[in-house]
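Working through the structure, step by step
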Amino acid sequence: MQSVNSAAAGATRNTWLLATGAITLSTALHVVPQMLQPWFDPAWTMLLLMIADACVVALIVRSRTAWVIGMVLAALLGTAVWWHQQILAALPSIALNLMLASLFGATLRRGETPLIVRIAEHDGAVTPQFERYLRALTRAWAIFFAMMAALSLLLMLFAPFHWWSLFVNVLTWPLIGAMFAVEWLVRRVGFRRLPPHSPLHIVAKILAYQRQVAQMRAGPTSAK
């Protein structure tokens, strides 16, 4: 437990870097291609910036999985550019959001421990009331990411391309931040007996949990 707390404290200083870097690079994915359009194909500019975005996130999180996901998403976008199929440009955002929805949703099955409960349990025992709340919160995040995937698809099919780009590249991270903020307000107003963790604290805990899981998985391999 003490090691997890120290890991969370170390992750806190990276949380602002992650948020700032992700929002800046994601916004650049929408703005820069339009600025450089007279000289470069916007699709190729978006592809290069997307790879840079994935690399920054992977460096901060220090996860091989983040590298793999970033490269897969970049490959999907590259395929869309190569085939000149604009609708395929929505595949990376749809795939990522569906993957995240599945990550949360799969832990809601009978006999499984909800993902957010697992993260909270690394701080110590979780009360039954808190566990019920965290199960509902895990379900809320699964629904959130499923809705993000659906909106990405609908905008790509029925709206101008720059509307889709604005939603995926500019609004995604603020919407995720809004989810953290709303959850904090709900907990503070309607569940005052539960731990009043701030959004920044929660993100730091998630990063610390992810790193500890990665270290545990790498442990036996490194031992060999």
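Treat the numbers as computed from the prediction; the structure is a model and nothing was measured.

1. Comments concerning the overall build of the chain
Secondary structure assignment for the chain yields 8 helices and 0 strands. Secondary structure elements in the chain, listed N-terminal to C-terminal, are α-α-α-α-α-α-α-α. Taken across its 224 residues, the chain has 38% of its residues classed as buried. Within the structure as shown, the chain displays about 13,200 Å² of accessible surface, and the carbon and sulfur contribution to it stands at 69%.

2. As for the nonpolar core
Counting 26 residues, the largest nonpolar core has F104, F130, L134, W141 and F145 as its most contacted members. Elements with a minimum of two residues in this core: helix 4 (91-106), helix 5 (115-121), helix 6 (128-158) and helix 7 (161-190). Per-element tally for this core: the top contributor is helix 6, with 11 residues.

3. Some points on helix 7
Along an α-helix, a turn takes 3.6 residues, which lines up residues three or four apart on a common side. Here helix 7 is 30 residues long and its end C-alpha atoms lie 40 Å apart, about the 44 Å a rise of 1.5 Å per residue gives. Every buried residue of helix 7 is accounted for by W164, S165, F167, V168, N169, V170, T172, I176, F180, E183 and R187.

4. Side note on the packing of aromatic side chains
Tallied over the full model, the rule gives 6 aromatic pairs. A ring pair is formed by F104 and W141, whose centres lie 6.3 Å apart and whose planes are at 20°; its orientation type is stacked. Remark: W141 occurs in helix 6 and F104 occurs in helix 4; sequence separation between them is 37 residues. Among the aromatic residues, those joined into a cluster by ring pairs are F104, W141, F144, F145 and F180.

5. Looking at helix 4
Compared with the 22 Å implied by 1.5 Å per residue over 16 residues, the 21 Å span of helix 4 between its first and last C-alpha is a close match. For helix 4, the full list of buried residues reads P92, S93, I94, N97, A101 and F104.

6. A word on the environment of M148
By secondary structure assignment, the location of M148 is in helix 6. Note on M148: relative accessible area 4%, which makes it buried. In the structure, M148 is positioned 27 residues away from L175 in sequence and 9.5 Å away in space, judged by C-alpha atoms. Apart from residues no more than four positions distant in its own chain, M148 is found in contact with N97, F167, T172 and L175.

7. Overview of the packing of helix 6 against helix 7
Across the interface, helix 6 lies against helix 7 with an axial gap of 11 Å and an inter-helix angle of 165°. Classed by the angle they form, the pair helix 6 and helix 7 counts as roughly antiparallel. Crossing handedness for the pair helix 6 and helix 7: right-handed. Tallied by class, the residues present in the contact of helix 6 with helix 7 amount to 21 nonpolar, 2 polar and 2 charged.

8. Some details on a nonpolar patch on the surface
A cluster of nonpolar side chains, contributed by L151, L153, L154, L157 and F158, occupies part of the molecular surface with about 500 Å² of accessible area. Considering the arrangement of structural elements, one finds L151 in helix 6. We classify L151 as partly exposed; its relative accessible area is 39%.

9. What about the pattern of salt bridges?
Tallied over the full model, the rule gives 3 salt bridges. The closest approach of N and O atoms between E183 and R187, which form a salt bridge, is 2.8 Å. In this pair, E183 and R187 are both assigned in helix 7, 4 residues apart and thus about one turn of the helix distant. Judged by relative accessible area, which is 4%, R187 ranks as buried. Where salt bridges share partners, they join R109, E112 and R118 into one cluster.

10. Overview of the confidence of the model for the chain
In the predicted model, the chain carries a mean pLDDT of 74, and the fraction of residues at 70 or more is 56%. Here helix 8 (residues 199-223) stands out as the least confident element of the chain, with mean pLDDT 61; helix 6 is the most confident, with 91.

11. Regarding the environment of T27
Here T27 is to be found in helix 1 (residues 2-35). Among the residues examined, T27 registers a relative accessible area of 27% and is labelled partly exposed. The spacing of T27 and W173 is 146 residues in sequence and 9.5 Å in space, taken between C-alpha atoms. Contacts of T27, omitting those with residues within four sequence positions, involve N169 and V170.

Thresholds, definitions, all that
- Residues numbered from 1 in each chain as written.
- Predicted model: local features only at pLDDT ≥ 70, side-chain atom pairs only at ≥ 80, totals over all residues.
- Heavy atoms only, no water.
- Helix = DSSP H or I, 4+ residues; strand = E, 2+ residues; numbered from the N terminus.
- Buried < 20%, exposed > 50% of the residue type's maximum accessible area, 1.4 Å probe, protein only.
- Areas by Shrake-Rupley, 256 points an atom, 1.4 Å probe, with all protein chains shown as cover.
- Core = buried A, V, L, I, M, F, W, Y, C linked by side-chain atoms within 4.5 Å.
- Expected span 1.5 Å × (residues − 1).
- Phe/Tyr/Trp six-rings, centres within 6.5 Å; stacked < 30°, edge-to-face > 60°.
- Contact = heavy atoms within 4.5 Å.
- Axes fitted to C-alpha atoms, helices over the stretch in contact; angles between N-to-C directions.
- Parallel < 35°, antiparallel > 145°, perpendicular 65-115°, else oblique.
- Left-handed = near helix turned anticlockwise from the far one by under 90°.
- Nonpolar A, V, L, I, M, F, W, Y, C, P; charged D, E, K, R; others polar.
- Patch = residues over 30% accessible without salt bridge, like charges linked within 9 Å, V, L, I, M, F, W, Y side chains within 5 Å.
- Salt bridge = Lys/Arg side-chain N within 4 Å of Asp/Glu carboxyl O.
- pLDDT = per-residue confidence, 0-100.

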